[in-house]
Amino acid sequence: MVRRNVERRVALVDAAIEVLAREGARGLTFRAVDTEAAVPTGTASNYFANRDALLIQAGARVYERLQPDEATIARQRASAPDRETYVMLMREVIGRISAFRAGYLALLELRLEATRRPELRALLTERVRADVDANVAYHEDSGLPGDATAVRLLYLAFNWLIVEQLTLPGVFSEAERDQLVMAAVERIVTP
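The numbering scheme is per chain: residues are counted from 1 as the chain's sequence reads. Restriction of local features to residues with pLDDT of at least 70 applies here, the model being predicted, together with a cutoff of 80 or more for giving and counting side-chain atom pairs; totals for whole chains, interfaces and linings are based on all residues. To obtain the side-chain values, all non-hydrogen atoms of the structure were included, while hydrogens and water were left out.

A closer look at the overall build of the protein chain
Then, number 1: Labels follow the DSSP assignment, with helices taken as runs of H or I lasting at least four residues and strands as runs of E lasting at least two, numbered in each case from the N terminus. In terms of helices and strands, the protein chain carries ten helices and zero strands.
Then, number 2: Helices and strands in the protein chain line up, N terminus first, as α-α-α-α-α-α-α-α-α-α.
Then, number 3: Overall, the C-alpha framework of the protein chain stretches about 55 × 35 × 30 Å when taken along its three principal axes.
Then, number 4: Between buried and exposed lies partly exposed: a residue is buried under 20% and exposed over 50% of the maximum accessible area for its type, with that area taken using a 1.4 Å probe on protein chains only. By the burial criterion, 40% of the 191 residues in the protein chain qualify as buried.
Then, number 5: The contact definition used throughout considers only heavy atoms, calling two residues in contact when any of these lie within 4.5 Å. Contacts in the protein chain between residues far apart in sequence, at least 24 positions, make up 68% of those at least 6 positions apart.
Then, number 6: For every accessible area listed, the method is Shrake-Rupley and the probe measures 1.4 Å; residues are considered covered only by the protein chains on display. Carbon and sulfur atoms provide 55% of the accessible area of the protein chain, an area that totals close to 10700 Å².

Observations concerning the layout of surface pockets
Then, number 1: Think of a 1 Å grid over the protein atoms and nothing else: a 1.4 Å probe that fits but is trapped marks a cavity, an open set flanked by protein within 12 Å on at least five of seven lines marks a pocket, and residues with an atom within 4 Å of a point count as lining. Grid points are joined across faces, edges and corners, and a volume is the space filled by probe spheres set on the points. Size it by volume and the largest pocket reaches roughly 840 Å³.
Then, number 2: Around the largest pocket sit 35 residues that line it, and Val93, Arg96, Asp131, Asn135 and Tyr155 are the ones nearest its centre.
Then, number 3: Breaking the lining of the largest pocket down by element, the ones donating at least two residues are helix H4 (51-66), helix H5 (70-78), helix H6 (83-99), helix H7 (101-114), helix H8 (118-142) and helix H9 (148-167).
Then, number 4: Among the elements that make up the lining of the largest pocket, the one with the highest residue count is H9 (nine residues).
Then, number 5: Basically, the charged four are Asp, Glu, Lys and Arg, the nonpolar ten are Ala, Val, Leu, Ile, Met, Phe, Trp, Tyr, Cys and Pro, and anything else, Gly included, counts as polar. Considering only residue class, the lining of the largest pocket consists of 24 nonpolar, five polar and six charged.
Then, number 6: For the lining of the second largest pocket, the secondary-structure elements that each account for two or more residues are H6, H9 and helix H10 (174-188).
Then, number 7: No other element matches the four residues that H10 contributes to the lining of the second largest pocket.

Things to note about helix H2 (residues 30-37)
Then, number 1: Every buried residue of H2 is listed here: Ala32, Val33 and Asp34.
Then, number 2: On its buried face, H2 is in contact with helix H1 (6-23), helix H3 (43-47) and H4.
Then, number 3: A positive phi of about 55° marks Ala38, the residue just after H2.

Comments concerning the side chain of Asp14
Then, number 1: Residue position: Asp14 is located in helix H1.
Then, number 2: Engagement of the side chain of Asp14 in a polar contact is seen with the side chain of Arg61, the distance being 2.7 Å.
Then, number 3: In contact with Asp14, not counting residues within four places along its chain, are Arg61 and Arg65. Side-chain atoms alone can form a polar contact between residues adjacent in sequence; in general such a contact is a pair of N or O atoms within 3.5 Å, and within protein one must be able to donate a hydrogen while the other accepts it.

Looking at the packing of aromatic side chains
Then, number 1: Aromatic pairing here means that ring centres of Phe, Tyr or Trp (its six-membered ring) are within 6.5 Å. Orientation follows from the plane angle: under 30 degrees is stacked, over 60 is edge-to-face, and everything else is tilted. The final tally for this structure, using the stated rule, is zero aromatic pairs.
Then, number 2: A cation over an aromatic ring shows up here: Arg9 above the ring of Phe48, its NZ or CZ 4.9 Å from the ring centre. Whether a charge sits over a ring comes down to the Lys NZ or Arg CZ being within 6 Å of the ring centre and within 35 degrees of the ring normal.

Overview of the packing of H4 against H8
Then, number 1: For the pair H4 and H8, the least separation of the axes is 10 Å and the interaxial angle reads 10°. If you check the angle between H4 and H8, you find them roughly parallel. Seen from H4, the contacting residues are Leu55, Ile56, Ala60 and Tyr63; seen from H8, they are Glu119, Leu120, Leu123, Arg127, Val128 and Asp131.
Then, number 2: Here the residues of the contact of H4 with H8 sort into seven nonpolar, no polar and three charged. Orientation is described by lines fitted to C-alpha atoms, with helices fitted over the stretch in contact, and by angles between N-to-C directions that extend from 0 to 180 degrees. An angle below 35 degrees is treated as roughly parallel, one above 145 as roughly antiparallel, one from 65 to 115 as roughly perpendicular, and anything else as oblique.

Structural notes on the pattern of salt bridges
Then, number 1: Salt bridges are counted wherever a side-chain nitrogen of Lys or Arg sits within 4 Å of a carboxyl oxygen of Asp or Glu. With the rule as written, the count across this model stands at twelve salt bridges.
Then, number 2: A salt bridge links Arg51 to Glu113, with the shortest nitrogen-to-oxygen separation between them at 3.8 Å. Of this pair, Arg51 sits in helix H4 while Glu113 sits in helix H7, and the two are 62 residues apart along the sequence.
Then, number 3: By relative accessible area, which is 25% here, Arg51 ends up partly exposed.
Then, number 4: Judged by relative accessible area, Glu113 falls into the buried class, the value being 8%.

Have a look at this one:
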């Protein structure tokens, strides 16, 4: 029987994200999720039919939590469509993603797990493709300099910068990361 308490389900999925980030996909068990969520043993198994369902829900939830809030979107849309705004936007994106460290690390675990689970691979492929397409559309609608290829190149470059920052934070200082963001925008985004 699948439970319907939406708040409890969200708490369990958020707990699954924390477990994935801390212990990896192999550590993701219903018992570990129950412990992380501080709920009675057996609760997660009442909400999710199997581990695959939990993995899929965790993947969807990470993207949900990474979305910018309305105030951030409004501020970005009100800014001038120039390279300085582009740099500010990229810094904001990297900062938002880095602030949700567990979510991004969980997403990396989910990507690895997706190589072995076709349903998860399909979900993540669809979600990432939609995210890239949404970023390209936002860029085109905003009037910012550059084209769709620039958006995709920055997406690829900054994903690895985020991985570096979250997994080996000592490789680049905060100042170096900031300079890399500026340099990437200046070199990739043409007027």
